[in-house]
Amino acid sequence: PRRDIRRFEIVNDTLRAIVYNKYLTWSGSDWIETIINGIVSLASDSQEKTWAGISNNWVTSGGISTLIDTGWVNYLPDGPSTNSVLCFEFAPNGDLLFGGGHTDGEFGISRFDGTKWQIWTNPHYQQGFFSKQIYSISIDQEGGIWAGSFGSGIARFNPDETITFYDGSPETGA
């Protein structure tokens, strides 16, 4: 494959990776490629089901996709903060939390429980969002959602709906 591996994981001794617009699996002797326009993130859930985050662009409408026996199934948020899924993480209960965005588009963090979406944007947080581009997301043991941005550092979205910023600025001291 191309050398620009964007994400990879190993599940049951199978290497899964994404490169520009391709999902790859290593068979042990050959790479098996599937073209997926806009694929930017990859992870498996606790049942080892493969999920992919899709960035919206001129070819695809974005969303989150999962691999089933017959191929990929795509889910689009209803009333999304953005359809561009740049990163995602599984919550302890199995829900998907994801971040995304574009400089000229909407932004936020979304939760998908397999059926319905919950969208967090400015009105849901007292201090507002800190960036329109969320590139990494993680969940801590207390239920705090950590988001890494392009140009605005890291923020922790606390369970009490406040935000703690870690951007290295004198204002925050972090």
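Residues numbered from 1 in each chain as written. Predicted model: local features only at pLDDT ≥ 70, side-chain atom pairs only at ≥ 80, totals over all residues. Heavy atoms only, no water.

A. Looking closely at the sheet that holds strand β14 (residues 145-149). The four strands lie next to each other as β13-β14-β15-β16, forming an open sheet whose pairing is antiparallel. The outermost strands of the open sheet, each flanked by one partner alone, are β13 (134-139) and β16 (163-166). The mean inter-strand angle of the sheet, taken between neighbouring strand axes irrespective of direction, is 20°. Bridge analysis of β14 against strand β15 (residues 154-157) gives four bridges, and the strand direction is antiparallel. Pairing of Ala147 across the sheet is with Ala155, part of β15. (Pairing = 2+ DSSP bridges. Helix = DSSP H or I, 4+ residues; strand = E, 2+ residues; numbered from the N terminus. Axes fitted to C-alpha atoms, helices over the stretch in contact; angles between N-to-C directions.)

B. Geometry of a nonpolar patch on the surface. Together, Ile5, Phe8 and Ile10 make up an exposed nonpolar region whose accessible area comes to about 330 Å². Here Ile5 lies in the segment before β1 (7-11). The exposure class of Ile5 is partly exposed, given its relative accessible area of 38%. (Patch = residues over 30% accessible without salt bridge, like charges linked within 9 Å, V, L, I, M, F, W, Y side chains within 5 Å. Areas by Shrake-Rupley, 256 points an atom, 1.4 Å probe, with all protein chains shown as cover. Salt bridge = Lys/Arg side-chain N within 4 Å of Asp/Glu carboxyl O. Buried < 20%, exposed > 50% of the residue type's maximum accessible area, 1.4 Å probe, protein only.)

C. Structural context of the pairing of β16. Summarising the sheet, β15 and β16 pair through four bridges and their orientation is antiparallel. Residue pairing across strands places Ala155 opposite Phe165, the latter belonging to β16. From the end of β15 to the start of β16, which pair antiparallel, there are five residues, and Glu161 there has a positive phi angle of about 70°.

D. Quick look at the nonpolar core. Within the largest apolar cluster, twelve residues are counted, these being Cys87, Ala91, Leu97, Ile109, Ile134, Ile137, Ile139, Ile145, Ala147, Ala155, Phe157 and Ile163. For this core, the secondary-structure elements that each account for two or more residues are β13, β14 and β15. Counting residues per element, this core draws most heavily on β13, at three residues. When residues no more than four places from it in sequence are discounted, the contact partners of Cys87 are Ser41, Leu97, Phe98, Gly99, Ile134, Tyr135, Ser136 and Ile137. By size, the runner-up hydrophobic cluster in this structure holds eleven residues, among which are Val85, Phe98, Trp117 and Ile119. (Core = buried A, V, L, I, M, F, W, Y, C linked by side-chain atoms within 4.5 Å. Contact = heavy atoms within 4.5 Å.)

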